Amino acid sequence: MAKRDYYEVLGVSRRASGDEIKKSFRRLARELHPDVNAHDPEAEEKFKAAAEAYEVLSDSGRRRTYDQLGHDGLRAGGWSSETAGFSSIQDIFQTFFGDAFGGGFSRGPAAGGDVLVGVEVSLRDVLDGTGREVSFEAISVCEHCHGNGAEPGTPIHACERCEGTGQVQEQMRSVFGQVVRAMPCNVCGGDGRLAETPCETCSGAGRVADERTWEIDVPAGIEDGQRIRISGAGHAGDPGARQGDLYVEVSVEADDRFIRQGTEIVTRLDVPVTTAMLGGELTVPTLEGELTVEIPAGSQHGEVLRLPGMGLPPLRGSGRGDQHVVVELLVPRDLGDDEQELARRLDESLGARESATSPRTD
Ligand SMILES: [Zn+2]
Ligand SMILES: [Zn+2]
């Protein structure tokens, strides 16, 4: 289907200023908002088209793309009204009108809310990924009445207050003048039906709060603070509406032996000054236990030894980063008499070598 020109949709000229575009959209939104036009299915489509046009023309970058390349240019740039989605249109609306219309779209059954839980994993778990069991309280559909709120086998009537529609109209004054607002019926709670004998388990609410347990896969490579989303595992919504999502926020426990930088691991290693001079072997903590590493003779303070493939994997992808071992020289304190003597002799020997070689190094 050919798309209409965005300027035409908003009824402004191609030279319209940002302010004019804003004003025009405001006017249209007021006329076309679905809550005001509950009886007119076309109004919703028109409102969506206006909001889409506004979303493009109110953004200088998108507007430029549209001016130069039209609808195809926006699509090529990755923008689409589908991905912009109804929720962002709702967002636009809320930025303009706040709660003047009750905060958005009151039609239709409400989706269930999201649930957020936290889990803690170790750095070692990040290497291979791990499983965790999370428990949380969530709203579920009552199993006793299957959500209809009536004791099984008892009749359900249409609500008299809203005549079974679940909605009541309310006139209200706002900064935009008189508006009609559709609200969920307060007698039947928006369901349109009333149980003669409320369900004993849920007292007629159709829903209950219960404890749920869920097995979570924490993928390898996850970063501290990242969230895993399990679609549809959150609170139950109104009958017929989608269930909310479960979000699991992962904290990665700090480990003072390791500093993590994405897929790289940094470790500090105390190296006795004599080992650094002569070379030798030392053990280094790694994610998979202690590892013996070769310290080359003549290692300097701050030098980095690389352990390839001993770091962490990326979140999605294969391979592993490296571990970087930073040499920190350990100078002995409180030398005994013999040791002082040895150190002095070494010092003299090194000093002699220094004065023997220095005059010739120019
Ligand atoms: Zn029930
Ligand atoms: Zn009602």
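Peer 1: Explain the overall build of the protein here, please?
Peer 2: On a plain count of helices and strands, the protein comes out with eight helices and 15 strands. Within the protein, the proportion of its 362 residues that are buried is 20%. Of all intrachain contacts in the protein linking residues separated by at least 6 positions in sequence, the fraction that spans at least 24 positions is 64%.

Peer 1: Where do I start with the sheet that holds strand β8 (residues 227-230) in this structure?
Peer 2: In space, the three strands of this open sheet follow the order β1-β9-β8, with mixed pairing throughout. Looking at the sheet topology across the chains shown, the edges are occupied by β1 (115-121) and β8. Here the strands of the sheet are splayed against their neighbours by 25 degrees on average, with no regard to which way each runs. Two elements, β1 and strand β9 (residues 246-252), share seven bridges in a ladder whose sense is parallel.

Peer 1: What exactly am I supposed to notice about helix α4 (residues 60-76) here?
Peer 2: One turn of the α-helix equals 3.6 residues, which is why residues spaced by three or four share an orientation. Its 17 residues place the ends of α4 only 17 Å apart at the C-alpha level, less than the 24 Å of an ideal helix rising 1.5 Å per residue. Roughly 125 degrees is the biggest bend found in α4, and it falls at leucine 69. Of the residues flanking the end of α4, it is glycine 78, one or two places downstream, whose phi is positive at about 95 degrees.

Peer 1: Where do I start with unusual backbone geometry in this structure?
Peer 2: The phi torsion of most residues other than glycine is negative, and most of the peptide bonds are trans. Positive phi outside glycine occurs at histidine 146, with the angle close to 55 degrees. The topology assignment puts histidine 146 in the loop between β2 (130-141) and β3 (156-158).

Peer 1: What is the right way to look at helix α2 (residues 18-32) in this model?
Peer 2: Look at α2: 21 Å from first C-alpha to last across 15 residues, which is about the 21 Å you get at 1.5 Å a residue. Taken together, the buried positions of α2 are Ile21, Ser24, Phe25, Leu28, Ala29 and Leu32. Looking straight down α2, one finds that the buried residues subtend no more than 135 degrees of arc, so they occupy a single side.

Peer 1: Help me understand the nonpolar core in this model?
Peer 2: In a soluble, globular protein the nonpolar side chains are often hidden away together inside. Formed by 17 residues in total, the largest nonpolar core has its most connected members in Tyr6, Leu10, Phe25, Ala50, Ala53, Tyr54 and Leu57. Counting residues per element, the ones that place at least two in this core are α1 (6-10), α2, α3 (41-57) and α4. Ranked by residues supplied to this core, first place goes to α3 with seven residues. Once residues within four sequence positions are removed from consideration, alanine 50 is found in contact with Val9, Leu10, Phe25, Leu28, Ala29 and Leu32.

Peer 1: Help me understand the sheet that holds strand β15 (residues 323-330) in this model?
Peer 2: Across the sheet, which stays open at both edges, the four strands sit in the order β10-β11-β15-β14 with mixed pairing between neighbours. Every interior strand has two partners, whereas the edge strands, β10 (259-261) and β14 (304-307), have only one. Direction aside, neighbouring strands of the sheet carry axes that sit 30 degrees apart on average. Note that β14 and β15 share four bridges and pair antiparallel. In the strand pairing of β15, leucine 307 is matched with glutamine 323.

Peer 1: In this structure, what is going on with the environment of alanine 297? I would like to understand it.
Peer 2: Checked against the element boundaries, alanine 297 lands in the loop between β13 (289-295) and β14. For the pair alanine 297 and alanine 276, spaced 21 residues apart in sequence, the C-alpha separation works out to 5.7 Å. The contact partners of alanine 297, leaving out residues within four places of it in the chain, are Met277, Leu278 and Gly279.

Peer 1: What's the story with the environment of aspartate 5 in this structure? I'm lost.
Peer 2: Tracing the chain through its elements places aspartate 5 in the segment before α1. Between the C-alpha atoms of aspartate 5 and tyrosine 66, which are 61 residues apart in sequence, the distance is 9.7 Å.

Peer 1: Can you walk me through the environment of aspartate 217 in this structure?
Peer 2: Secondary-structure assignment places aspartate 217 in strand β7 (residues 207-218). Spatially, the C-alpha atom of aspartate 217 lies 6.6 Å from that of arginine 132, the residues being 85 residues apart in sequence. If we ignore the near neighbours within four places in the chain, the residues touching aspartate 217 are Gly129 and Gly131.

Basis of the calculations
Residues numbered from 1 in each chain as written. Chains lettered and ligands numbered in written order. Predicted model: local features only at pLDDT ≥ 70, side-chain atom pairs only at ≥ 80, totals over all residues. Helix = DSSP H or I, 4+ residues; strand = E, 2+ residues; numbered from the N terminus. Buried ≥ 20, exposed ≤ 12 C-beta atoms within 10 Å, placed from the backbone. Contact = placed C-beta atoms within 7 Å. Pairing = 2+ DSSP bridges. Axes fitted to C-alpha atoms, helices over the stretch in contact; angles between N-to-C directions. Expected span 1.5 Å × (residues − 1). Bend = angle between axes of the 7 residues up to and from the residue. Arc of directions from axis to C-beta. Core = buried A, V, L, I, M, F, W, Y, C linked by C-beta atoms within 7 Å.

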